[in-house]
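# A look at the structure
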Amino acid sequence: MRSFTPCKGKTACRDDGTICLACGRSLNEIEDTRRLIDALAELAIAQQYENVGEFFSYVAGKAESKVNYRNRN
């Protein structure tokens, strides 16, 4: 496994056509992440959640638990 490096911001983003030279993630990985974030944001908006922070904390915790479970098996 490798460590995740978060985006340093769009102004820091530079790429070589394959990876971001600022964070080291592939452009495909960045696009996949953006798509997932957008889908979650759209869901929160569609459901009209007032407590979006709680929703995203829940999703983050569940996703982390799922990854940990799958890595053990």
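Let me sum up the structure you'll find in this document. Given the structure is predicted, the values throughout are model-derived calculations rather than measurements.

Inspection of every chain in the model, using the stated rule, returns 3 salt bridges. A salt bridge links Glu-29 to Arg-2; its shortest N-O distance comes to 2.7 Å. Highlighted residues: Glu-29 in helix α1 (residues 27-46) and Arg-2 in the segment before α1, separated in sequence by 27 residues. For Arg-2, a relative accessible area of 60% translates into the label exposed.

Right, let's talk about the environment of Thr-18 for a bit. With respect to the element layout, Thr-18 can be found in the segment before α1. Judged by relative accessible area, which is 51%, Thr-18 ranks as exposed. In contact with Thr-18, other than residues within four places in its own chain, are Ser-26 and Leu-27.

What follows concerns α1. Between the first and last C-alpha of α1 there are 28 Å, a value that for 20 residues agrees with the 28 Å anticipated at 1.5 Å per step. Listing the buried residues of α1 in full gives Glu-29, Ile-30 and Ala-44. One side of α1 holds all its buried residues, which, seen down the axis, span an arc of 100 degrees. Within α1, the exposed residues directed more than 90 degrees away from the buried face are Asn-28, Ile-45 and Ala-46. Next to the buried residues of α1 lie α2 (52-72). In the segment just after α1, Gln-48 is the residue with positive phi, at about 55 degrees.

The rules we used
Residues numbered from 1 in each chain as written. Predicted model: local features only at pLDDT ≥ 70, side-chain atom pairs only at ≥ 80, totals over all residues. Heavy atoms only, no water. Salt bridge = Lys/Arg side-chain N within 4 Å of Asp/Glu carboxyl O. Helix = DSSP H or I, 4+ residues; strand = E, 2+ residues; numbered from the N terminus. Buried < 20%, exposed > 50% of the residue type's maximum accessible area, 1.4 Å probe, protein only. Contact = heavy atoms within 4.5 Å. Expected span 1.5 Å × (residues − 1). Arc of directions from axis to C-beta.

Function cannot be inferred from these measures alone, as they are strictly geometric.
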